[in-house]
Structures are given as C-alpha cells and as structure tokens.
Amino acid sequence: MITKTKKPIKKIIGAKTKAALEKQIKAEAKNHWYQISEIKFFEYDPRPYQVLLRFGKGVRK
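These numbers come from a predicted model, not from an experiment.

## Concerning the confidence of the model for the protein
Thinking step 1. Mean pLDDT over the protein stands at 86; residues scoring 70 or higher make up 85%.
Thinking step 2. Here strand β1 (residues 9–15) stands out as the least confident element of the protein, with mean pLDDT 89; helix α1 (residues 18–29) is the most confident, with 94.

## Focus: the nonpolar core
Thinking step 1. If you look at the biggest cluster of nonpolar residues, it comprises eight residues: Ile12, Ala15, Leu21, Ile25, Trp33, Tyr49, Val51 and Leu53.
Thinking step 2. Elements represented by at least two residues in this core include exactly β1, α1 and β4 (49–55).
Thinking step 3. Once residues within four sequence positions are removed from consideration, isoleucine 12 is found in contact with Leu21, Gln24, Glu28, Tyr49, Gln50, Val51 and Leu53.

## What to know about the packing of aromatic side chains
Thinking step 1. A full pass over the atoms with the stated rule returns three aromatic pairs.
Thinking step 2. On the numbers, 5.0 Å between centres and 50 degrees between planes, the contact of phenylalanine 41 with tyrosine 49 is tilted.
Thinking step 3. The side chain of lysine 10 reaches across the aromatic face of tryptophan 33, ending 4.4 Å from its centre.

Definitions and limits used
Residues numbered from 1 in each chain as written. Predicted model: local features only at pLDDT ≥ 70, side-chain atom pairs only at ≥ 80, totals over all residues. Heavy atoms only, no water. pLDDT = per-residue confidence, 0-100. Helix = DSSP H or I, 4+ residues; strand = E, 2+ residues; numbered from the N terminus. Core = buried A, V, L, I, M, F, W, Y, C linked by side-chain atoms within 4.5 Å. Buried < 20%, exposed > 50% of the residue type's maximum accessible area, 1.4 Å probe, protein only. Contact = heavy atoms within 4.5 Å. Phe/Tyr/Trp six-rings, centres within 6.5 Å; stacked < 30°, edge-to-face > 60°. Lys NZ or Arg CZ within 6 Å of the ring centre and 35° of its normal.

Right, dumping it as structure tokens:
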C-alpha cells in the first residue's frame, strides 16, 4: 500500500508591510513554496502581516 505524505507548511511572520510580505512570497515561490492562506493582519503584533506557504509543485485551486 502506498501512503501519501503531507507536504510541509511554513509560516512567514517577519513582514512589517503588506508589500514586504508580497515580496517575500514571490521569493519563496522560486523555491517551490506556494501561498495557501490569505494574508492576515494582526494589529497588536510588531510584524503584523502573516501568511502560510506549502511546499510543492503548486497549489490546487
């Protein structure tokens, strides 16, 4: 029996602006990390913009 392994997930939490986060997402896409969540904003956090990425050949839509 062949079992399917889960693809790793990574969280980017180091962005102070939405533009900086989008730049990081583009850089990670070159390494096959793709966005799987919406960009989230937490106003109480010193680096408020966060997003989840998944490793693989792309994200199913």
